[in-house]
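Structure assessment
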Amino acid sequence: MYGKEKTHQHSGSPAKRLKSANWWHTSNGRVVCDLCPRHCALNEGAYGFCFVRQNVDGQLVLNTYGRSTGFCVDPVEKKPLAHFFPGTSVLSFGTAGCNLGCKFCQAWEITKSRKVLRLLSQKATPEMIAEAAVQLGCKSVAFTYNDPVIWAEYAIDTAVACHARGLKTIAVTAGYICAEPRKAFFEVMDAANVDLKGFTEHFYQHLTLSHLEPVLDTLRWIKQESSVWLEITNLIIPGHNDDANELRQMCQWIHDNLGDDVPLHFTAFHPDYRMTGTPRTSPGTLVKAREIAIETGLHYVYVGNVRDPERSSTYCPGCDRRLIERHWHDVKAYEMEQNRCRFCGHEIAGQFADKPGHWGTRRMPVDPASLLRTLESRELDTGAAESSE
Ligand code: SF4
């Protein structure tokens, strides 16, 4: 039995609007969520591990539909995506909760604190978000900050609204999702950055409270079965996933299963959440990881969360010349002609425009509802002024 599209009124909280969820069935009087491999089995009133999906009156509902913890315009390089319309701006937003339990979570205030449900103040329908992105001149809308898998219904509706307005869509996710919703979710995404958090089942089980194999399945599926542009992020945590052999195995797996053109971002950990006693990742560790990846045969390998223009830039696999120079998230030199190297004509994997965007490193918080109200009242003022002339 699968959920139908309908909006519930929660009996215990009449003001709270809840969206019927998809991908669930009932078993032994409980609602079983089939969105992610946890398959939470919920008694009446119970919440899933992600705390945003709940059994209400024998049906699964999503309690964060249409509500966000914040919207911000930032550069696509921050997602991070290095081969997807460099330099352009992205309207980014997230909700609350997560289906993983990472002890090193770098955004735990919105993923792990139930109090955050009270902070879901910014209300925005899919159409409002798309309209706001158009008005702000964004190239894309990104589903990020917390994993959009757990609010897939909201992300999918918003992605459809964005496509109707000519916008691109980006998912930033850990890829922990079951096969059926995976298809529905990625069908409406143009690009994804998937976190590959480590390369052992031990790491996934102990530090993320999830499993490695479903994530590898998602990576293979995206690359082999979809048209989504894929990049991968690996957050390197000293003493936990920085072993040279483990990194080599991970890079080899990426090379053999996804190809040598998938960009890989090694990013630096900072102490947070339940791992405040673990040191920051040194720049030297990132440099070493990048060397291993390049030795393995991967063409596009970047370091992140550190200032290292040399290793944040894109080089041509054909002639080794620097094609896209980046300082932090800022695109400086751009030597591409569409998706080819300007020097030797080698085709560069990804999606590129004739010219880069010029958003720079800015980060601009926005509230789509008040933005649209302001624009509307300006239009009314202009209309009144014109009719009185
Ligand atoms: S999406 Fe949430 S409720 Fe559903 S199985 Fe995963 S953690 Fe449980």
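On a predicted model such as this, the values are computed, not experimentally measured, just so you know.

What to know about the overall build of the protein chain
Within the protein chain, the regular secondary structure consists of ten helices and 23 strands. Rg of the C-alpha trace for the protein chain: 22 Å, near the compact-globule value of 21 Å for 389 residues, within the 12% margin. In terms of principal-axis extent, the alpha carbons of the protein chain reach across some 70 × 65 × 40 Å. Residues classed as buried in the protein chain amount to 48% of the 389 residues present. A separation of at least 24 residues holds for 67% of the contacts in the protein chain among residues at least 6 apart in sequence.

What about the pairing of strand β15 (residues 229-236)?
Within β15, eight of the eight residues are buried, which leaves it mostly tucked inside the rest of the structure. Of the two faces of β15, the one holding Trp229, Glu231, Thr233 and Leu235 and the one holding Leu230, Ile232, Asn234 and Ile236 are both buried throughout. Bridge count for strand β14 (residues 191-195) against β15 is five bridges, and the pairing is parallel. What sits directly across from Val194, in β15, is Ile232.

Considerations on the sheet that holds strand β20 (residues 330-334)
By way of backbone hydrogen bonds, the strands of a sheet pair with one another, either parallel or antiparallel. Taken in spatial order, the three strands of this open sheet run β18-β19-β20, and their pairing is antiparallel. In this open sheet, the two strands that pair with only one neighbour each are β18 (314-315) and β20. In terms of strand pairing, β18 meets strand β19 (residues 322-327) through two bridges, oriented antiparallel. Paired with Tyr315 across the bridge in β19 is Arg322.

Quick notes on the site of the ligand
Near the ligand you find Cys33, Leu35, Cys36, Arg38, His39, Cys40, Gly48, Phe49, Cys50, Arg53, Asn99 and Ile150, and these make up its full shell. Within the shell around the ligand, the residues separate by chemical class into seven nonpolar, three polar and two charged.

Regarding the nonpolar core
Among the nonpolar cores identified, the biggest contains 105 residues, and Leu91, Ala133, Val141, Ile170, Met189 and Ala192 are the most heavily contacted of them. The greatest single-element share of this core, amounting to seven residues, is contributed by helix α3 (residues 152-164). The residue makeup of this core includes at least three contributed by each of domain 1 (7-62) and domain 2 (69-364). The residues contacting Ala133, other than those within four sequence positions of it, are Leu91, Cys138, Val141, Cys162 and Leu167.

Some words on the environment of Arg220
As for its position among the elements, Arg220 is in helix α6 (residues 212-225). Arg220 sits 34 residues away from Ile254 along the chain, and the two C-alpha atoms are 9.1 Å apart.

Quick word on the domain arrangement of the protein chain
Segmentation of the protein chain into domains returns domain 1 (7-62) and domain 2 (69-364). Between the C-alpha centres of domain 1 and domain 2 there is a distance of 29 Å. The partner domain 2 presents 18 residues to the 15 residues of domain 1 that form the contact.

About the thresholds
- Residues numbered from 1 in each chain as written.
- Predicted model: local features only at pLDDT ≥ 70, side-chain atom pairs only at ≥ 80, totals over all residues.
- Helix = DSSP H or I, 4+ residues; strand = E, 2+ residues; numbered from the N terminus.
- Rg over C-alpha atoms; globule rule 2.2 N^0.38 Å.
- Buried ≥ 20, exposed ≤ 12 C-beta atoms within 10 Å, placed from the backbone.
- Contact = placed C-beta atoms within 7 Å.
- Pairing = 2+ DSSP bridges.
- Near = placed C-beta within 6 Å.
- Nonpolar A, V, L, I, M, F, W, Y, C, P; charged D, E, K, R; others polar.
- Core = buried A, V, L, I, M, F, W, Y, C linked by C-beta atoms within 7 Å.
- Domains from an automatic or database assignment.

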